[in-house]
Amino acid sequence: MADASTATLPADPAALAQFDPVDIAQVTRPPLVTSGRNMAWITNRVCGIVENKTPLWWWIGFFITAPIAAMTFVLLGYLIFTGIGVWGENVPVAWAWDITNFVFWIGIGHAGTLISAILFLTRQRWRTSINRAAEAMTLFAVICAGLYPALHIGRQWMAWMLAPVPNQYAIWPNFKSPLLWDVFAVSTYFTVSVLFWFTGLIPDLATLRDRARGKYSKYVYGVLALGWRGSNRNWRHYEMAYLLLAALSTPLVLSVHTIVSFDFATSVVPGWHTTIFPPYFVAGAIFGGFAMVLTLMLPARYLFGLHDMITAKHVDVMAKIILLTGSIVGYAYIMELFVAWYSGNPYEWSAFLRNRIAMPLFSDHPAPYWWAYYCMMSCNVLSPQIFWFKWARRNVYVVFVICMFVNAGMWFERFVIIVTSIHRDFIPSSWGMFHPTWVDVCTFIGTHGLFLCLFLLFVRFLPMIAIAEVKGVLDSADPHAHDEHGHDRGHSRKFGYAAGPQREEPLPLVGSGVRRAYLKEVTEHNVADHVSDPAKHQAPGDPNKDEDTGKPGGHAKG
Amino acid sequence: MATVASTPESASPAPATPRPVATGRVYGLVGEFDTAAELYHAAEVVRDRGFKRWDVHSPFPIHGMDNAMGLGKSVVSYIVLCGGLTGFTTAVLLTFIPSTITYPLIVQGKPLNFFTVPAFFPIMFELTVLFSAFAAVFGMLAMNRLPRWHHPLFNHERFARSTDDGFFISIEATDPRFIEADVRELLESVGAQHITLVHDHD
């Protein structure tokens, strides 16, 4: 079974029938870690990112993003000292780019939690290669998101009033307000995400500690690793805590964007007052978040040579999730439109027909923001449909470009919901337009700088792949790997992986054409992974000090 | 402790590896394995011999190791339940006391009595999750006696592999069944390599 992943299968169904179906499933299941990498290779490769000399591109990236990040804070200082008027907010558009950007960033965070929590609970073993970076992305996105509501309140020094602090003014937060729910939801989300992320980091920080050479790195990683020593008595509690954190984060992440959508849905503004918002927002958040995960991971995978851990399969699966959630979002757009018409409410219908859909070619009175609506529709609903095709999911350039479309489309979605809904309300005399100021624009660019700068710091100083978890999905992690009859195919509590190789989908019936096609596909998949993937160029004979300790197959006593 | 004192250094015949100069209390014997499977089977043997103060160390949690070691379910789940109940109670008090007793104020036409409760569900949910998450992390650390900045096992040079690709069994000298020669023999019999006596201080 050792080098099962590379074995070829006879195409003839009769010859195939002599194999035990379970064994065939093991043979053909695409491995999550390719090229037969072993544990030491994983440790070296991931820790090497932190330990090796800082690459030039990192410094270039850092010196570009750090000043942009700093600009955010300068502009926020300018906002506080001058007043909220430096942004383009007005009446009627009192919520504009600030809340658009808030919802945009917080939505991005949701993919990280989805990967780390929901895919953990649903035993998706492929999540291990991407969950760490995705969770880090969550934190940085929530940091960017949190800046906006904290600063858009006008008198920022009164922000403490959001907290239930007993005070002599006899002022108490209104717990019936969705805006206060939002305060609790977002702060809980950030806190729990930090806890979850750090808990996952502890074993990997111990790995870095044990490899550290420098005086300071020894000290810092030593402190952060909390004295972890991989003891099974510790793993036992650790895994229970991790499982429960995942179980808590799952409803939490769904609640956060639900509550964000309540900010709009509980109002009476046409275009906001709709019950479809909570599921629609959650699907949109996951959609946009996965696009951002890929936006970050594809370059990181290329730059650090992580193709054996973030394989073509990972990209493929994430593209499928983008397709699914993009289609859900598309359904929500259409349903929102249908309900606006079907409700018979003239204001609601007007908010869609006159303020969004009416475009210059077909209408004498085009909607002022028609272009935003069509940007949203084409980027979010149409562009991901290309992922129905396998070649598109397999081509990283196509995937990257589509992800950029989705990133832009999701920003436009929030802009459409917020600005176009309130720029024309019930009385035409109070209609108005929103024009962003240079502060609006530069603050928004600044948050991107902050986000990327934090991510660069993260990949430089912390293990960007969950080392312990990836080791857990290797075949050699199975304690029954060499038992004759000891195959334990039950689910494990351990990091949510069943022991050793397992099927994630049922093998089609013996002898059927479906089954043959399936086997052919997965075999080709493996071959394709080994041939076309650029990772192969840095496999064993890699000149740049990739300590490749891997025996082919990488399995003990294989 | 008495057992430790009764097992002097010279008790073990012909150690397999040269022993470092011992200056501290004996922590225990540590054996190393190449694979998770070997460690798993060794753990089953050690468990069946009736050892109590021992542990296995691996770079990742090994499936079924709790059974192989004879350990039960973790109690962290109960700690989390307590945390969740605390959070829920906090939220109930935090929302109801001001809204119905200390600062009763009609907003959004909602009632001042119990029937305003749907408006408080989000806060109750969030605080339940928040307190549970804290309970999970700090409960886990407390049960594991972490953080700690040092452990005798870190004196063992090869032990750094336990976070890379090494698999270890450590049997502590404080175990009532610990007799160095016997434990060494046991570890050899289950296939451990680099069997080393680890001391508390270098």
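K.L.:
An account of the pattern of salt bridges is needed here, citing residue identities and associated values.
P.N.:
The tally for this structure, following the rule as stated, stands at 16 salt bridges over all chains. A salt bridge links A:D210 to A:R209; its shortest N-O distance comes to 3.0 Å. For the salt bridge of B:R184 with B:E180, the shortest nitrogen-to-oxygen distance reads 3.3 Å. Residue B:R184 and its partner B:E180 are located together in helix 6 (residues 180-189), separated by four residues, close to a single helical turn. Each member of the pair, B:R184 as well as B:E180, carries the same accessibility label: buried. A single salt-bridge network, built from bridges that share partners, covers A:D316, A:K320, A:R393 and A:R394.

K.L.:
Tell me about the packing of aromatic side chains, and please be specific about residues and values.
P.N.:
Residue and element names in this part refer to chain A. Applying the stated criterion across every chain yields a total of 56 aromatic pairs over all chains. Summarising the aromatic geometry, the rings of W95 and F264 are spaced 5.7 Å apart at their centres and angled 90° between planes, so their arrangement reads as edge-to-face. Taken as a pair, W95 in the loop between helix 4 (56-82) and helix 5 (97-121) and F264 in helix 9 (residues 232-265) lie far apart in primary sequence, 169 residues in all. Relative accessible area serves as the criterion here: at 17%, W95 is assigned to the buried category. For F264, a relative accessible area of 1% gives the class buried. Aromatic pair Y238 and Y242: ring centres 6.1 Å apart, planes at 15°, arrangement stacked. With Y238 and Y242 both in helix 9 and four residues apart, this pair spans about one turn of that helix. Take Y238 and Y242: they sit in the same class, and that class is buried. Following the ring pairs from residue to residue traces out a cluster consisting of W97, F104, W105, Y369, W371, W411, F412, F415, F444 and F451.

K.L.:
Help me get a handle on the pairing of strand 3 (residues 167-172) of chain B, residues and values and all.
P.N.:
Residues and elements named next belong to chain B. When you tally the buried positions in strand 3, you get six out of six residues, the bulk of the element. Here strand 3 shows two buried faces, one formed by F167, I169 and I171 and the other by F168, S170 and E172. Where strand 1 (residues 26-33) and strand 3 come together, six bridges link them in antiparallel fashion. For E32, the partnering residue across the bridge sits in strand 3 and is F168. Inspection of the sheet shows strand 2 (residues 54-57) paired to strand 3 by four bridges, in the antiparallel sense.

K.L.:
Give me the confidence of the model for chain A: which residues, what numbers.
P.N.:
Residues and elements named next belong to chain A. Summing up the model confidence of chain A, the mean pLDDT is 83 and the portion of residues at 70 or higher is 81%. In the model, residues 1-8 has pLDDT below 50 throughout and makes 11 contacts with residues more than four positions away in sequence or in other chains. This model gives residues 484-512 a pLDDT under 50, and the stretch forms 79 contacts once residues within four places in sequence are excluded.

K.L.:
Give me the lowdown on helix 12 (residues 346-357) of chain A, citing residues and values where you can.
P.N.:
Residue and element names in this part refer to chain A. E348, S350, A351, F352, N355 and R356 are the residues of helix 12 that are buried. Those residues of helix 12 hidden inside the fold are in contact with helix 11 (312-342), helix 13 (370-382) and helix 15 (396-423). Among the residues of helix 12, the N-terminal cap falls to N345, whose side-chain oxygen and the backbone nitrogen of Y347 are separated by 2.9 Å.

K.L.:
Outline the confidence of the model for chain B, listing residues and values.
P.N.:
All names here are of chain B. Confidence in the prediction of chain B, expressed as mean pLDDT, is 87, and 88% of residues score 70 or more. Looking at the elements of chain B, mean pLDDT is at its lowest for helix 1 (residues 2-5), recorded as 41, and at its highest for helix 5 (residues 121-143), recorded as 96. In the model, residues 1-15 has pLDDT below 50 throughout and makes 23 contacts with residues more than four positions away in sequence or in other chains.

K.L.:
Describe the domain arrangement of chain B, naming the residues involved and giving the relevant values.
P.N.:
Accessible area lost on assembly of the parts is the figure often given for the size of an interface. When cut into domains, chain B gives domain 1 (25-72 + 148-200) and domain 2 (76-143). Here the C-alpha centroids of domain 1 of chain B and domain 2 of chain B sit 44 Å apart.

K.L.:
Could you give an account of the packing of helix 5 of chain A against helix 7 (residues 178-211) of chain A, with specific residues and numbers?
P.N.:
Residue and element names in this part refer to chain A. Contact geometry for helix 5 and helix 7: axes closest at 12 Å, N-to-C directions at 40°. The angle between helix 5 and helix 7 places the two elements in the oblique class. Both helix 5 and helix 7 take part in a crossing whose hand is left-handed. For the pair helix 5 and helix 7, the contacting residues are F102, I106, G109, H110, T113, S116 and A117 in the first and D182, V186, Y189, S193 and F196 in the second.

Conventions and cut-offs
- Residues numbered from 1 in each chain as written.
- Chains lettered and ligands numbered in written order.
- Predicted model: local features only at pLDDT ≥ 70, side-chain atom pairs only at ≥ 80, totals over all residues.
- Heavy atoms only, no water.
- Salt bridge = Lys/Arg side-chain N within 4 Å of Asp/Glu carboxyl O.
- Helix = DSSP H or I, 4+ residues; strand = E, 2+ residues; numbered from the N terminus.
- Buried < 20%, exposed > 50% of the residue type's maximum accessible area, 1.4 Å probe, protein only.
- Phe/Tyr/Trp six-rings, centres within 6.5 Å; stacked < 30°, edge-to-face > 60°.
- Pairing = 2+ DSSP bridges.
- pLDDT = per-residue confidence, 0-100.
- Contact = heavy atoms within 4.5 Å.
- Polar contact = N/O pair within 3.5 Å; in protein donor to acceptor, adjacent residues only side chain to side chain.
- Domains from an automatic or database assignment.
- Axes fitted to C-alpha atoms, helices over the stretch in contact; angles between N-to-C directions.
- Parallel < 35°, antiparallel > 145°, perpendicular 65-115°, else oblique.
- Left-handed = near helix turned anticlockwise from the far one by under 90°.

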